[in-house]
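As a plain string of letters, each chain reads:
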Amino acid sequence: EPEVTQTPSHQVTQMGQEVILRCVPISNHLYFYWYRQILGQKVEFLVSFYNNEISEKSEIFDDQFSVERPDGSNFTLKIRSTKLEDSAMYFCASSQGAAKNIQYFGAGTRLSVL
Amino acid sequence: AQSVTQPDIHITVSEGASLELRCNYSYGATPYLFWYVQSPGQGLQLLLKYFSGDTLVQGIKGFEAEFKRSQSSFNLRKPSVHWSDAAEYFCAVGGIQGAQKLVFGQGTRLTINP
């Protein structure tokens, strides 16, 4: 069964460093998403991406965050200058269509900012 | 404010017992409704979804959920749980005003006693 793949599974970084989280969505999907879950809190939407541009973003997704689809298979989330509060589990998801479509999630990348 | 509430943070049931996990949402119109499950080290796996039509929906692994408009609820049920059902369960809503994002509840952690 096709699946969303995320790498690495765990990333440790120093505060102020840039990190790139990587995702390979399901191959025939057109919509891509990032969510995050701070320990003990809800899974929160960050951003959705379609047709090579951001289609929605939350208040969390400020100028420190960016997304990119650098080639036909990868979808990345970059955090320019990490803060302690960026420590969380980051989930990538993809779907074939928009609102009335199932989003398929990866296993997540746990980001630890020291 | 729009929200999804899972009142039970942690539930423990005995193997073979029945299960009901509660989910309530607060939106003006009927959103799209989902239940996801997360086993340790795994991504979020879709159990079932409701878009429209029959208010009792069947999912994978013997789970079902019932949409009750009058109560703004979408509770998840299983008649007889198995030890492998131990996991974190998330209720989510989507399609709010045409938006793509999913809004998640806090999650309910299910422990199974042998």
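Structural data are supplied above this passage.
Just so it is clear, the structure is predicted and the values come from calculations on it, not from any experiment.

A separate point is the interface of chain A and chain B. Taken together, the contact between chain A and chain B spans 22 residues of the former and 22 residues of the latter. In total, chain A and chain B occlude about 1900 Å² of area from one another, counting both sides; carbon and sulfur atoms represent 60% of this. On inspection of chain A and its partner chain B, the count reaches 0 salt bridges. Scanning the region where chain A abuts chain B turns up 8 residue pairs in polar contact (both at pLDDT 80 or more). Every element with two or more residues in the side of chain A that touches chain B is listed here: β4 (31-37), β5 (43-50) and β6 (53-57) of chain A. Per-element accounting of the side of chain A that touches chain B gives the leading share, 4 residues, to β4 of chain A. The class makeup of the residues in the side of chain A that touches chain B is 11 nonpolar, 8 polar and 3 charged.

Two side chains that carry opposite charge are able to pair once their charged atoms sit near each other. All names here are of chain B. Inspection of every chain in the model, using the stated rule, returns 5 salt bridges over all chains. Note that Asp-8 and Arg-22 form a salt bridge whose closest N and O atoms lie 3.0 Å from each other. Of this pair, Asp-8 sits in the loop between β1 (3-5) and β2 (10-14) while Arg-22 is found in the loop between β3 (19-21) and β4 (24-26), placing the two residues 14 residues apart along the sequence. According to the relative accessible area criterion, Arg-22 is partly exposed, its value standing at 39%.

Per the counting criterion, the structure on display carries 2 disulfides over all chains. The disulfide partner of Cys-23 of chain A is Cys-92 of chain A, and the S-S distance across this bridge is 1.9 Å. Here Cys-23 of chain A and Cys-92 of chain A share a disulfide; its torsion about the S-S bond, -65°, makes the bridge left-handed. Here Cys-23 of chain A, found in strand β3 (residues 19-24), pairs with Cys-92 of chain A, found in strand β9 (residues 88-95); they are 69 residues apart in sequence, far enough to count as distant. Residues Cys-23 of chain A and Cys-92 of chain A agree in their burial class; the two are buried. Covalently, Cys-23 of chain B is tied to Cys-91 of chain B through a disulfide, its sulfur atoms 1.9 Å apart. An S-S torsion of about -65° defines the bridge between Cys-23 of chain B and Cys-91 of chain B as left-handed. Linking Cys-23 of chain B in the loop between β3 and β4 with Cys-91 of chain B in strand β10 (residues 87-94), this pair joins segments that are 68 residues apart in sequence.

Here the focus is the sheet that holds strand β8 (residues 75-79) of chain A. Across a sheet, paired strands are connected by hydrogen bonds in the backbone, their directions being either parallel or antiparallel. All names here are of chain A. An order of β1-β3-β8-β7 is seen for the 4 strands of this open sheet, with the pairing classed as antiparallel. A strand with exactly one partner marks an edge of an open sheet, and here the two such strands are β1 (5-7) and β7 (65-68). When strand polarity is set aside, the average angle formed by the axes of neighbouring strands in this sheet is 20°. Where β1 and β3 come together, 3 bridges link them in antiparallel fashion. Across the sheet, Thr-5 pairs through a bridge with Val-24, a residue of β3.

Leu-19, Trp-35, Leu-47, Leu-48, Phe-74, Leu-76 and Tyr-89 of chain B are the most contacted members of the largest nonpolar core, which has 28 residues in total. Listing elements by their share of this core, those giving two or more residues are β2, β3, β5 (32-38), β6 (44-50), β8 (64-68), β9 (73-78), β10 and β12 (108-113) of chain B. Sorting elements by how many residues they give to this core places β10 of chain B first, with 4 residues. Not counting chain neighbours up to four residues away, the residues in contact with Leu-47 of chain B comprise Trp-35, Tyr-36, Val-37, Gly-59, Ile-60, Lys-61, Phe-63, Leu-76 and Tyr-89 of chain B. Grouped together as the second largest cluster of nonpolar side chains are 22 residues, Val-19, Leu-21, Phe-65 and Ile-79 of chain A included.

Our next topic: the packing of aromatic side chains. Under the defined criterion, the tally for this structure stands at 21 aromatic pairs over all chains. A centroid spacing of 5.5 Å and a plane angle of 40° characterise the contact between Phe-32 of chain A and Phe-75 of chain A, whose relative ring orientation is tilted. Within this pair, whereas Phe-32 of chain A is found in strand β4, its partner Phe-75 of chain A is found in strand β8, the two being separated by 43 residues in sequence. Owing to a relative accessible area of 4%, Phe-32 of chain A belongs among the buried residues under this scheme. When the centroid spacing of 5.0 Å and the interplanar angle of 70° are considered together, the rings of Tyr-32 of chain B and Phe-51 of chain B count as edge-to-face. Of the two residues, Tyr-32 of chain B is situated in strand β5 and Phe-51 of chain B in the loop between β6 and β7 (56-58); the sequence distance between them amounts to 19 residues.

Quick notes on the rules
Residues numbered from 1 in each chain as written. Chains lettered and ligands numbered in written order. Predicted model: local features only at pLDDT ≥ 70, side-chain atom pairs only at ≥ 80, totals over all residues. Heavy atoms only, no water. Contact = heavy atoms within 4.5 Å. Buried area = accessible area lost by both parts, 1.4 Å probe. Salt bridge = Lys/Arg side-chain N within 4 Å of Asp/Glu carboxyl O. Polar contact = N/O pair within 3.5 Å; in protein donor to acceptor, adjacent residues only side chain to side chain. Helix = DSSP H or I, 4+ residues; strand = E, 2+ residues; numbered from the N terminus. Nonpolar A, V, L, I, M, F, W, Y, C, P; charged D, E, K, R; others polar. Buried < 20%, exposed > 50% of the residue type's maximum accessible area, 1.4 Å probe, protein only. Disulfide = S-S within 2.5 Å. Pairing = 2+ DSSP bridges. Axes fitted to C-alpha atoms, helices over the stretch in contact; angles between N-to-C directions. Core = buried A, V, L, I, M, F, W, Y, C linked by side-chain atoms within 4.5 Å. Phe/Tyr/Trp six-rings, centres within 6.5 Å; stacked < 30°, edge-to-face > 60°.

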